[in-house]
Amino acid sequence: MQIDTNYISHKIKTLLLLCSLYLASPQVFALEIPKRLSESDRSTVIRTLGMNSSTKILSNPYPLGGYSGIEIGISVELIDIKNISRLGCDPGTSNCPNTVRSDEKELAYSRLTVGKGLYNDIDLFMSFALPTPGVEISDFGGHLRWNFYEARFLPIVLSILTQANQININNSFTSQNMGISLLAGIVVDDFSIYFGGGYINSESQFICGDQEDGVINNDDPTCQASNSGFINQKESGSNSLVGINLQFNDYFVAAQIDRYRDPVFSAKLGIRF
């Protein structure tokens, strides 16, 4: 597999710029969930907006350290959503009125993450989606990291990471993600690189409703069989990741690429003390 380094470099620069600009002026990115989704369409949405939105590490792989270690950062994630617009019914037709296809190719949203060192090289991170005008996205979650091995003569650390989060988009799609990963990191002075992989499970709900409000129409047999007003569907799979972290005194910059079915690019600016 060939890696387009220019493409990856461009994505990282874009993410870092978005992180910087967010502090002064939040960005606006639109996203519309298509109507009348089939079961295979829903599977694509879950893998694109569910799994891809799971919490990201974006941090030095070395543990924060005891009760004094604290980390605070703002991150931006880019999710490729161009496949979403091709799903569902055809806008403008009799069975799909008052809808239009989104021409957005990427969804970008920001998270605020706070990390705290606990004990025995265990760190807890909590994250929340930051409000962005024009986008109805709520997200909260976190991950627990246990650094269970540190080489004595080499700058290598190994960690186990468990994560969970819930994302809601336009009050029409909700996904709960849970996963576990094995992480290896190399830490040299103010530079570190980490990589790993694991397993993630997403359980999602699609709202039923009329042709204007519901992602799934009330006439759909699956909606008619449901007494809850939504359709529940699960997806699971493996994921891999690679990231770098640069430390500047107490401040740091991190960039990461996660691979589920599609790659997700992320970057974070923060402070660690």
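Look up a bit, the structure's there.
What counts, and at which threshold
Residues numbered from 1 in each chain as written. Predicted model: local features only at pLDDT ≥ 70, side-chain atom pairs only at ≥ 80, totals over all residues. Heavy atoms only, no water. Helix = DSSP H or I, 4+ residues; strand = E, 2+ residues; numbered from the N terminus. Buried < 20%, exposed > 50% of the residue type's maximum accessible area, 1.4 Å probe, protein only. Contact = heavy atoms within 4.5 Å. Areas by Shrake-Rupley, 256 points an atom, 1.4 Å probe, with all protein chains shown as cover. Phe/Tyr/Trp six-rings, centres within 6.5 Å; stacked < 30°, edge-to-face > 60°. Pairing = 2+ DSSP bridges. Polar contact = N/O pair within 3.5 Å; in protein donor to acceptor, adjacent residues only side chain to side chain.

What follows covers the overall build of the protein chain. When helices and strands are tallied, the protein chain shows three helices and eleven strands. N-terminal to C-terminal, the α/β element order of the protein chain is α-α-β-β-β-β-β-β-β-β-α-β-β-β. Burial status across the protein chain gives 48% buried among its 273 residues. Considering only contacts within the protein chain whose residues lie at least 6 apart along the sequence, 65% involve residues at least 24 apart. For the protein chain, the exposed area adds up to about 13400 Å²; of that, 58% sits on carbon and sulfur atoms.

Moving on to the packing of aromatic side chains. Under the counting rule described, the total for this entry stands at two aromatic pairs. Their ring planes at 50° and their centres at 5.6 Å tell us that Trp-146 and Phe-148 sit as a pair that is tilted. Trp-146 gets classed as partly exposed once you look at its relative accessible area, which sits at 41%.

Quick look at the pairing of strand 10 (residues 251-259) now. Relative to strand 10, strand 9 (residues 230-248) runs antiparallel, the two sharing nine bridges. Its bridge partner being in strand 10, Gln-247 is matched across the sheet by Phe-252. Linkage of strand 9 to strand 10, two consecutive antiparallel strands, is achieved through a turn of two residues, within which Asn-249 is found at a positive phi near 60°. Where strand 10 meets strand 11 (residues 263-272), nine bridges bridge the pair, whose relative direction is antiparallel. Following the sheet pairing, Ile-257 is matched in strand 11 by Phe-265. Connecting the antiparallel pair strand 10 and strand 11 is a turn made up of three residues.

Peptide bonds are trans in most cases, and residues, glycine excluded, mostly fall at negative phi. Residue Asn-120 is not a glycine yet carries a positive backbone phi of 50°. Relative to the elements of secondary structure, Asn-120 occurs in the loop between strand 2 (106-117) and strand 3 (122-129). For Asp-189, which is not a glycine, the phi torsion comes out positive at approximately 50°. Among the structural elements, Asp-189 can be located in the loop between strand 6 (173-188) and strand 7 (191-209). The class of Asp-189 is exposed, set by a relative accessible area of 73%.

Glancing now at the side chain of Asn-245. Mapping Asn-245 onto the fold places it in strand 9. Only 3.4 Å separates the side chain of Asn-245 from the backbone nitrogen of Asn-60, close enough to count as a polar contact. Here Asn-245 is in contact with Ser-59, Asn-60, Asp-190, Phe-191, Ser-192, Phe-252, Val-253 and Ala-254, once residues within four sequence places are set aside.

Time to look at the pairing of strand 5 (residues 156-169). The side chains of a regular strand alternate, first on one face of the sheet and then on the other. Where strand 4 (residues 137-150) lies against strand 5, 13 bridges are found, and the strand directions are antiparallel. When the sheet's bridge partners are listed, Ile-137 is paired in strand 5 with Ile-169. In textbook terms, the turn of a hairpin is the stretch between consecutive antiparallel strands, and for strand 4 and strand 5 this stretch comprises five residues. The hairpin turn running from strand 5 into strand 6, its antiparallel successor, is three residues long, and Asn-170 in that turn takes a positive phi close to 55°.

Once that is clear, we can look at helix 2 (residues 39-50). Here helix 2 lies mainly inside the structure; nine of its twelve residues are buried. Considered for burial, the residues of helix 2 that qualify are Asp-41, Arg-42, Ser-43, Thr-44, Val-45, Ile-46, Thr-48, Leu-49 and Gly-50.

So, to be careful, I would describe these as geometric facts and stop short of saying anything about function.
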